[in-house]
Amino acid sequence: MLSQTSNIKRALRAELRERRRNRTSTERGAATDAFTQNLMALTTESGAKLVACYLSAPNEPNTRPYLNWAFANGVRTLFPITREDGLLDWAHGDGETEAVGLFGMPEPVGELLGPIAINDVDLIIIPAAAVDSTGMRLGWGRGYFDKTLGSMQKCPPVYAVIYDDELIDSVPREVHDQPVNGVVTPTRILTF
């Protein structure tokens, strides 16, 4: 039996997924350039030398130009790899070779470092469907990042990458949901 909150989340995710699908290639291209600039600024300003970041799927904000910049500028990156037990493994990857993960998401090919590897990063950049004005994040429903963030003893700053219209007034919350420290959109970096 799904809770009322779960049903509200599912409906909101479907609306946001459809909105992303309907963005034009021109909108996506302009947003990618802006996301990249803001992610570069966030990384530089935070002094991060090791960043955890996801490989974006086709309808997500494109992280690849940012990752290329990180690689070219000596910022090491860890990428998440989904596991059947609901945890995330991490790998450095070579920035080029990708495989399709458990849920059809792009994942790096590289040596698995295990779930605790994320404890060494300086900055975490994660996907989101939406984030509200308090920093509460609505993910895509599998709970991987909520489990990871909730299990970290000392969590570095966590930023979600979303489009401007995905910063909304309120996100439905359940007990396991984890907030983020800020968002990166095409127009700004917002820290809560």
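Per an unreviewed UniProt entry, the recorded name for the protein is 5-formyltetrahydrofolate cyclo-ligase, and the organism is Subtercola boreus. Quoted verbatim from the Catalytic activity (unreviewed entry) heading of the UniProt record, the comment on the protein is "(6S)-5-formyl-5,6,7,8-tetrahydrofolate + ATP = (6R)-5,10-methenyltetrahydrofolate + ADP + phosphate". Note on the protein: under the UniProt heading Cofactor (unreviewed entry), the record states "Mg(2+)".

**Student:** Just checking my understanding: could you explain the packing of helix H2 (residues 25–46) against helix H3 (residues 64–72) for this structure?
**Tutor:** In a packed pair of helices, the relevant descriptors are the angle between the two axes and the axis-to-axis distance. Packing of H2 against H3 leaves a shortest axis separation of 8 Å and a crossing angle of 40°. Read as a crossing pair, H2 and H3 show a hand that is right-handed. In contact with Thr32, Thr36, Leu39, Met40, Thr43 and Thr44 of H2, H3 contributes Pro65, Tyr66 and Trp69. Across the contact of H2 with H3, the residue classes tally to 5 nonpolar, 4 polar and no charged.

**Student:** Hey, could you run me through the pattern of salt bridges in this one?
**Tutor:** Evaluation of the coordinates by the stated rule reveals 11 salt bridges. Close ionic contact of Glu18 with Arg21 constitutes a salt bridge, the shortest N to O distance being 2.8 Å. Taken as a pair, Glu18 and Arg21 lie in helix H1 (residues 4–21) at a separation of 3 residues, close to a single helical turn. Residue Glu18 is classed as partly exposed on the basis of its relative accessible area of 36%. Salt bridges here are not isolated pairs; linked through shared partners, they connect Glu15, Arg19, Arg20, Arg23, Asp165 and Glu166.

**Student:** What's the story with the environment of Thr26 in this structure? I'm lost.
**Tutor:** With respect to the helices and strands, the residue Thr26 is situated in helix H2. With a relative accessible area of 65%, Thr26 lands in the exposed category. The sequence separation of Thr26 and Gly139 amounts to 113 residues, and the corresponding C-alpha distance is 25 Å.

Cut-offs used in this document
- Sequence order as written defines residue numbering, which begins from 1 separately in each chain.
- With pLDDT at 70 or above as the cut-off, local features in this predicted model cover only qualifying residues; side-chain atom pairs require 80 or more to be listed or tallied, and sums for whole chains, interfaces and linings still use all residues.
- Side-chain measures here rest on the full set of heavy atoms in the structure, leaving out hydrogens and waters.
- UniProt positions are given in the numbering used here, feature names are shortened, and annotations may be inferred rather than shown by experiment.
- An axis is simply a line fitted to the C-alpha atoms; with a helix, the fit covers only the stretch in contact. Between two such axes, the angle follows the N-to-C directions and lies from 0 to 180 degrees.
- Runs of H or I in DSSP of at least four residues are treated as helices and runs of E of at least two as strands, each being numbered from the N terminus.
- Left-handed describes a crossing in which the near helix is turned anticlockwise from the far one by less than a right angle; the clockwise case is right-handed.
- Residue contacts follow a heavy-atom distance rule, with two residues in contact if any of their heavy atoms lie within 4.5 Å.
- For this classification, the nonpolar set comprises Ala, Val, Leu, Ile, Met, Phe, Trp, Tyr, Cys and Pro, the charged set comprises Asp, Glu, Lys and Arg, and every other residue, Gly included, is treated as polar.
- Basic side-chain nitrogens of Lys or Arg form a salt bridge, by our definition, when they fall within 4 Å of a carboxyl oxygen of Asp or Glu.
- Burial classes follow relative accessibility: with a 1.4 Å probe on protein chains only, a residue under 20% of its type's maximum area counts as buried, one over 50% as exposed, and anything between as partly exposed.

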